[in-house]
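Listed below, chain by chain, are the residues.
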Amino acid sequence: MPPERPTRLDASSPGFEKDFSAFLGRNRDTDENVDRIATEIVADVRSRGDAALIEYTRKFDRVESNAASLRLSDAERRAAAAQVPEVQRNALELAARRIEAFHRALLPKDVDFTDETGTRLGARYRPLDSVGVYVPGGTAAYPSSVLMNVVPAKVAGVKRIVMVVPTPGGVLNPLVMLAAEIAGADEVWRIGGAQAVAALAYGTQSIAPVDKITGPGNAFVAAAKRRVFGQVGIDLIAGPSEILVVADRHNDPAWIAADLLSQAEHDPSSQSVLIADDAAFADAVARAVEDQLKILPRSEIASASWHGNGAIILVPDLGLSATIVDRIAAEHVELAMEPAVAEALSRKITHAGAIFLGRHTPEAIGDYVAGTNHVLPTSRAARFSGGLGVADFLKRTSIVGCTAEALAQLGPVALVLAEAEGLDAHGRSISIRLNRRG
């Protein structure tokens, strides 16, 4: 059973290090059998192709289909998208424009130069040929995830973008279909779960395989992405959502409570953490969370998340909280304080998927319209990776070109290293050009 309230820790207490380490080590996975089931599904789809997809779509989504109807026609997509009210269409279009502008600014530039030896060195960036984008479609549908995955792929120049989205009960989500239209998905398939990941990775009789799979999903999707990595590239393994709010006592407790619940409502395994330097303020936030849980439509989910995985950490000085922030390495980090103070603290933070500066920058702005990407590392993966971006849809190819004079300078050094490693053929390919006996 989850505790009756979130974990409370005090960085000034003697037992903090032990308790904090235990908190970081908690496993928020909900089912030990997920990997086994996902592995079986992937193997089945790889073996039987469309037939397996049809069976899993019937079983999990309650949709009767055949090989021809697994792919949504352009007419079906347009008809669903046309149902979206103008105000929502305008919102999606604005979000798409901002996401595109931000990711265009991130496009890397080719490098080409000649060094002091006369050797030409460079790097060329080229888009992937094909990408598969997974879009969740279970307890909630996320048109914003369509934009966050497809728009950067388009900016990168990917030639074929394949979107998969489950349609429980056969119902198409108009917002998701409109987002696919705005962003420019080339194909949309009504499949989800581990079976969709397998189809994208290995292909079926109807679906051509892709080179990389991106996009968040449930635990089965994450397990399937682990299984197919190597056959295809993947963006990251998305775990339960996370938010870490560092807040001083000058904030409105209701604002901070709303921020904590913004991620808690995703999933019972999500995690919301507050770091504060004032115990009375932290208590006020905790009370505000309980008040808002009473009126939140997804209160059962958010309550399980907050009470089971949430935490309140007291520190003597927020300026010293960067070390704790880095150890948590959260998906989202809000610094709810005066802008100059937030900026100074942000420069001390190394591990965070995204940082939101100041009292007027709730994390939800990043989820929708800031322009930055909301596909971010979770489960402390911010220690070694960043969020999805245009570079994830590009490959870098190195360029090397030696003149005879350049080889005369560099060759003898390379030959020494080849001989030291015992790779005679490597050395011979150099020495033969230097008119040395091989």
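Up top you'll find the structure we're talking about.
Residues numbered from 1 in each chain as written. Predicted model: local features only at pLDDT ≥ 70, side-chain atom pairs only at ≥ 80, totals over all residues. Heavy atoms only, no water.

**Q** It is not clear to me how the sheet that holds strand β7 (residues 212-214) should be interpreted in this structure. Could you clarify?
**A** Strand-to-strand pairing in sheets goes through backbone hydrogen bonds, with the strands running parallel or antiparallel. As summarised here, the arrangement of the five strands in space is β6-β5-β4-β7-β8, forming an open sheet in which the pairing is parallel. Lying at the two open borders of the sheet, with one neighbouring strand each, are β6 (187-189) and β8 (233-234). As judged from the five bridges shared by strand β4 (residues 130-134) and strand β5 (residues 160-164), these two strands associate in the parallel manner. What sits directly across from Gly-132, in β5, is Val-162. Along the sheet, helix α6 (residues 143-156) makes contact with β4, β5 and β7, crossing β5 at roughly 170°. (Pairing = 2+ DSSP bridges. Helix = DSSP H or I, 4+ residues; strand = E, 2+ residues; numbered from the N terminus. Contact = heavy atoms within 4.5 Å. Axes fitted to C-alpha atoms, helices over the stretch in contact; angles between N-to-C directions.)

**Q** Would you mind showing me how to read the sheet that holds strand β13 (residues 354-357) here?
**A** Sheet architecture is open: six strands sit in the order β1-β11-β10-β9-β12-β13, paired in parallel fashion. Pairing within the sheet leaves two strands with one partner each, and these edge strands are β1 (7-10) and β13. If you compare each strand with its neighbour and ignore which way they point, the axes differ by 15° on average. Relative to strand β12 (residues 332-336), strand β9 (residues 242-247) runs parallel, the two being bridged by four bridges. Counterpart to Ala-247 in the pairing with β12 is Ala-336. Against the sheet, helix α14 (residues 339-346) engages β9, β12 and β13, with an angle of about 160° to β13.

**Q** I'm lost on the layout of surface pockets in this one. Help?
**A** The gaps left among the atoms become clear once a water-sized probe is rolled over them. As a volume, the second largest pocket reaches approximately 270 Å³. Lining the second largest pocket are 22 residues, and of these Phe-102, Thr-372, Asn-373, Leu-376 and Leu-388 lie nearest its centre. At the level of elements, α5 (86-105), β13 and α15 (363-368) are the ones that each hand at least two residues to the lining of the second largest pocket. Looking at side-chain class alone, the lining of the second largest pocket contains ten nonpolar, nine polar and three charged residues. (1 Å grid on protein atoms, 1.4 Å probe; cavity = no way out; pocket = protein on both sides within 12 Å on 5 of 7 lines; lining within 4 Å. Points joined across faces, edges and corners; volume = space filled by probe spheres on them. Nonpolar A, V, L, I, M, F, W, Y, C, P; charged D, E, K, R; others polar.)

**Q** Any chance you could explain the packing of helix α8 (residues 193-202) against helix α9 (residues 219-228) here in plain terms?
**A** Axis angle and axis distance: for two packed helices, these are the angle between their axes and the distance between the axes, and together they describe the pair. At a minimum axis distance of 7 Å, the contact between α8 and α9 shows a crossing angle of 25°. Accordingly, the angle class assigned to the pair α8 and α9 is roughly parallel. Crossing geometry of α8 relative to α9 is assigned as right-handed. On the side of α8, the interface is formed by Gly-193, Ala-194, Val-197, Ala-201 and Tyr-202, while α9 contributes Phe-220, Val-221, Ala-224, Lys-225 and Val-228. Along the lines of polarity and charge, the residues of the contact of α8 with α9 split into eight nonpolar, one polar and one charged. (Parallel < 35°, antiparallel > 145°, perpendicular 65-115°, else oblique. Left-handed = near helix turned anticlockwise from the far one by under 90°.)

**Q** Mind showing me how you'd approach the nonpolar core here?
**A** Grouped burial of nonpolar side chains is what soluble globular proteins tend to show. Of all hydrophobic cores here, the largest spans 40 residues; its most connected members are Val-146, Leu-147, Met-163, Met-177 and Val-188. Taken together, the elements giving at least two residues each to this core come down to α4 (74-81), α5, β4, α6, β5 and α7 (174-183). It is α6 that contributes the most residues to this core, eight residues altogether. Judged by nonpolar contacts, the second largest core, of 30 residues, contains Val-45, Ile-191, Ala-196 and Ala-224. (Core = buried A, V, L, I, M, F, W, Y, C linked by side-chain atoms within 4.5 Å. Buried < 20%, exposed > 50% of the residue type's maximum accessible area, 1.4 Å probe, protein only.)

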